[in-house]
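# A closer look at the structure
If you want the building blocks of each chain, they are given just below.
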Amino acid sequence: GLVLEIAAHSEIADARLRNVERILPVQALPVHTLSLIRFASNYYQYPIGQAAFVALPAALRRVSYSGPKPQWQYVLTTAGKAVPVNEFPARATVKRRLLAALRLAPMCRADLMAVSASAAKLVESWAQAGWVEKRPETLPQGKAGFTTNAQHELTDEQRAAVDAISAGFGSFSPWLLDGITGSGKTEIYFRLIEQAAGRGAQTLLMVPEINLTPQLEERFRGRFPDLRLVSLHSNLAEGERCANWLAASTGRAQVVIGTRLSIFTPLPQLGLIIIDEEQDGSFKQQVGLRYSARDLAIFYARQRQVPAVLGSATPSLETYHNARSRRFGHLHLSRRPAANRASIRLVDIRGMGKVQSLSDPVLQAIGACHARGEQSLVFLNRRGFAPVIVCAACGWNAGCSRCSARLVWHLRDAVLRCHYCGHEERMPRACPSCGNQDLKGLGQGTQRLEQLLGERFPGARVLRIDRDSTRRKLAWHTMQDDIRQERVDILVGTQMLAKGHDFPKLTLVVVVNPDGALYAADFRAGEKLFQQLMQVAGRAGRADLAGEVLVQTQFPEHPLYRALVHQDYRSFAEELLDERRVAVFPPFVYQALLRAESQSESTLMDFLGFAASQGALGHDAVTLYDPVPATIAKIAGHHRGQLLAQSASRAELQRFLSEWRPLLVESKSRRVRWSLDVDPIDL
């Protein structure tokens with residue numbers, strides 16, 4: 001348990017209270033972190049105790065925790081400096097890299113892990129051999145004494161952005177840094193981090209995806225070899241994550257790069273918060289404490305009186321509206337400093353055969369790209385071989401027995417797999433309904449595209465990148481290295497490839513089948529599609545080579561695609577905001593969604609009906625809509641439903657939720673699991 005405060009009296013009966021048996025050697029959470037936790041608990045309607053545990057690494061929550069381990073710095077001795085790199089064979093790459101890194105500067109455990117997972121064990125053996133000396137790690141000295149390897153001159157727009165944001169150091173100033181993909185937002189981040197470190201302040205840099213963290217770490221260490229950086233994300237081992245958290249919370253780390261959970265990290269010298277790709281949905285936690293790390297970062301920056309920078313090529317409409325309303329400062333980067341903006345062209349596929357997934361112009365462009373020795377990316381946000389298996393004789397299709405979803409055919413594993421609950425079954429040899437052996441796979445998945453491209457371009461090296469192909473440990477790291485070393489000609493991938501990656505030889509991007517999102521039920525579907533297409537388009541032409549983007553569509557006259565061709569997000573965002581205002585959708589109203597699930601559909605709807613009756617009393621400023629099934633009405637044997645509450649006033653909605661939630665708790669419906677999702681990003 002966590003002791004949050006000491007009270008003289010309690011409304012809970014003495015018999016239910018527990019004594020504190022032992023206090024674990026965990027440092028106290030500072031006041032500002034506790035304040036953030038309380039705000040998150042109140043705003044997102046989640047119990048304070050469970051919210052508080054989110055802020056602590058798993059290792060600190062164990063009764064067996066015995067306190068922080070000593071932190072060491074590793075320094076080459078005179079004997080170690082005399083060891084020639086050539087003493088190690090060429091295949092001993094870790095030893096060579098470690099020795100080269102130690103010659104540049106002393107290293108802590110986080111630095112060793114950046115070299116290799118085996119570097120920590122290796123350096124201990126070198127210490128026993130007398131090549132390395134272990135010294136207690138000291139806190140950074142702050143302002144002076146670190147080097148920076150700046151390689152680029154700032155453009156006028158970049159310099160103006162750095163000057164405007166840095167002028168707000170020491171006070172709360174939120175900024176939208178709105179720049180086209182490849183316009184140099186990361187360079188601005190580095191300049192701001194440099195200035196913050198020069199003031200003795202820490203920086204929290206939040207990224208949406210774990211896969212982006214190693215790439216950013218590598219760039220950061222090359223830029224600032226003397227600054228201490230730690231990463232915080234769920235792929236870290238428990239002990240490493242705890243050590244990094246402690247380094248940040250004691251001030252030993254000047255920079256923290258992390259995913260959404262890093263917002264709860266105590267940072268005693270915090271001076272700057274940066275949220276990269278702020279529009280990304282992964283900043284919103286979807287289970288437990290359903291918080292938005294982006295929104296909490298704004299609250300935290302106000303609390304700590306520091307600047308907050310929200311970077312994006314395609315900002316969320318909420319952030320764009322805040323900038324347009326002058327709640328946030330707005331900085332725009334309109335051009336790439338060292339690259340050409342990729343041209344975007346629509347490929348009309350009306351009349352193209354249903355069997356054919358890539359049009360002739362697209363195949364010709366891929367072939368020409370390969371002939372030039374450049375790389376291409378074929379983007380399809382659907383993994384597997386075929387999303388639907390049907391019987392041509394009787395119309396049977398393969399559905400999941402536990403979900404209201406179809407099974408996806410995965411060719412190499414010869415299985416049908418549900419992408420919602422994980423259920424798998426062998427691919428049937430014949431139709432289970434009529435016995436017909438002519439089963440067909442409809443639609444396209446990344447595996448089918450990989451097969452097609454391999455057959456069409458037998459001399460090209462085709463690499464598929466999706467959740468299936470990157471399951472093995474270090475698989476994605478190896479794939480990135482293969483791409484950069486030009487051991488790959490054609491990439492086939494999902495949204496894993498859309499964000500933040502920089503591949504200099506990638507000049508052609510092909511987008512397959514984006515039309516489905518145009519007519520989705522979610523009112524945010526158009527916004528999300530435009531953001532995704534702009535992101536993936538930004539992978540082309542990031543070096544000196546010109547880039548081209550081809551988008552296959554049956555609706556080339558659609559306003560979204562017209563805006564995409566001109567790469568005019570502002571006009572598209574203004575049009576969407578006008579639609580949202582008329583339709584009374586966020587950001588012009590505030591929403592909360594009651595999500596519920598049960599093994600019994602009738603029990604589920606009875607609970608939602610009860611919730612609607614309890615919430616309909618005495619709150620004229622809040623509209624409560626009728627209970628409805630969720631978009632995917634059944635997952636893993638549980639029926640799912642929801643109930644939407646909406647208000648033009650955030651304060652009125654919060655007042656309603658604070659009164660409504662206790663009534664739902666008191667219902668004690670054990671056969672229903674439910675949660676409140678404040679500011680939901682999907683309905």
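The preceding data block contains the structure.
Residues numbered from 1 in each chain as written. Predicted model: local features only at pLDDT ≥ 70, side-chain atom pairs only at ≥ 80, totals over all residues. Heavy atoms only, no water.

## As for the overall build of the protein
The helix and strand tally for the protein stands at 20 helices and 25 strands. Computed over the C-alpha atoms, the radius of gyration of the protein is 27 Å, within 12% of the 26 Å expected from 2.2 N^0.38 for a compact globule of 683 residues. Among the 683 residues that make up the protein, the fraction classed as buried is 51%. Each charge class in the protein was averaged separately, 83 positive and 66 negative side chains, and the resulting centres sit 5 Å apart. (Helix = DSSP H or I, 4+ residues; strand = E, 2+ residues; numbered from the N terminus. Rg over C-alpha atoms; globule rule 2.2 N^0.38 Å. Buried < 20%, exposed > 50% of the residue type's maximum accessible area, 1.4 Å probe, protein only. Lys, Arg positive; Asp, Glu negative; His and termini not counted. Charge placed at Lys NZ, Arg CZ, Asp CG, Glu CD.)

## Section: the pattern of salt bridges
Taken as a whole and assessed by the stated rule, the structure comprises 37 salt bridges. Between Arg412 and Glu450 there is a salt bridge, and its shortest N-O distance comes to 3.0 Å. Here the residue Arg412 occupies a position in the loop between strand E13 (408–410) and strand E14 (415–417), and Glu450 occupies one in helix H14 (residues 446–456), the gap between them amounting to 38 residues. Taking the relative accessible area as the measure of exposure, Glu450 reaches 12% and is therefore buried. Where Asp413 meets Arg417, a salt bridge forms, and the shortest distance between an N and an O atom there is 3.1 Å. A relative accessible area of 5% places Arg417 in the buried class. The network of salt bridges with shared partners includes Lys284, Arg290, Arg595, Asp677 and Asp682. (Salt bridge = Lys/Arg side-chain N within 4 Å of Asp/Glu carboxyl O.)

## A short note on the sheet that holds strand E3 (residues 173–179)
With parallel pairing, the 7 strands of this open sheet are ordered in space as E5-E6-E4-E7-E8-E3-E9. What marks the edges here is a single partner per strand, and that holds for strand E5 (229–232) and strand E9 (329–333). Here the average twist between neighbouring strands, direction ignored, is 20°. The pairing of strand E4 (residues 202–206) with strand E7 (residues 270–276) spans 5 bridges and is classified as parallel. Bridged to Thr203 within E7 is Leu272. Across the sheet, helix H9 (residues 212–223) lies against E4, E5 and strand E6 (255–258), angled at about 175° from E5, the strand it touches most. The strands touched by helix H11 (residues 293–304) are E3, E4, E7 and strand E8 (307–312); relative to E7, the strand with the most contacts, the crossing angle is about 160°. (Pairing = 2+ DSSP bridges. Axes fitted to C-alpha atoms, helices over the stretch in contact; angles between N-to-C directions. Contact = heavy atoms within 4.5 Å.)

## Let's talk about the nonpolar core
Residues Ile263, Phe264, Ile273, Leu594 and Trp660 are the most contacted members of the largest nonpolar core, which totals 69 residues. Examining the composition of this core, we find that 7 residues originate from one element, H11, more than from any other. Ile273 has contacts with Leu204, Ala297, Tyr300, Ala301, Val306, Pro307, Ala308 and Val309, leaving out every residue within four places of it along the chain. Listed in part, the 39 residues of the second largest apolar core include Leu377, Leu506, Val511 and Val536. (Core = buried A, V, L, I, M, F, W, Y, C linked by side-chain atoms within 4.5 Å.)

## Some points on the sheet that holds strand E18 (residues 490–493)
As summarised here, the arrangement of the 6 strands in space is E10-E20-E19-E11-E18-E17, forming an open sheet in which the pairing is parallel. The open sheet is flanked by strand E10 (343–348) and strand E17 (462–465), the only strands paired with a single partner. When strand polarity is set aside, the average angle formed by the axes of neighbouring strands in this sheet is 20°. Pairing analysis gives 4 bridges linking strand E11 (residues 375–379) to E18, with the strands arranged parallel. Residue Ser376 lies in a different strand from E18, and its bridge partner there is Ile490. Relative to the sheet, helix H13 (residues 360–371) contacts E10, E11, E18, strand E19 (506–511) and strand E20 (548–553), its axis offset from that of E19 by approximately 165°.

## What about the pairing of E6?
Burial along E6 is two-sided: Val255 and Ile257 and Val256 and Gly258, pointing in opposite directions, are all buried. Across 4 bridges, E5 lies against E6 in parallel orientation. From the neighbouring strand, Val230 faces E6, where its bridge partner is Val256. Read as a crossover between parallel neighbours, the route from E5 over helix H10 (residues 238–249) to E6 is right-handed. (Right-handed = clockwise from strand over helix to strand, strands pointing away.)

## As for the packing of helix H7 (residues 156–166) against helix H8 (residues 185–198)
H8 packs onto H7 with a crossing angle of 35° between their chain directions and a minimal axis gap of 10 Å. Considering the relative orientation of H7 and H8, their crossing is right-handed. Where H7 approaches H8, its residues Gln158, Ala161, Val162, Ile165 and Ser166 are matched on the opposing element by Glu187, Ile188, Arg191, Leu192 and Gln195. Looking at the contact of H7 with H8 residue by residue, the class counts come to 5 nonpolar, 3 polar and 2 charged. (Left-handed = near helix turned anticlockwise from the far one by under 90°. Nonpolar A, V, L, I, M, F, W, Y, C, P; charged D, E, K, R; others polar.)

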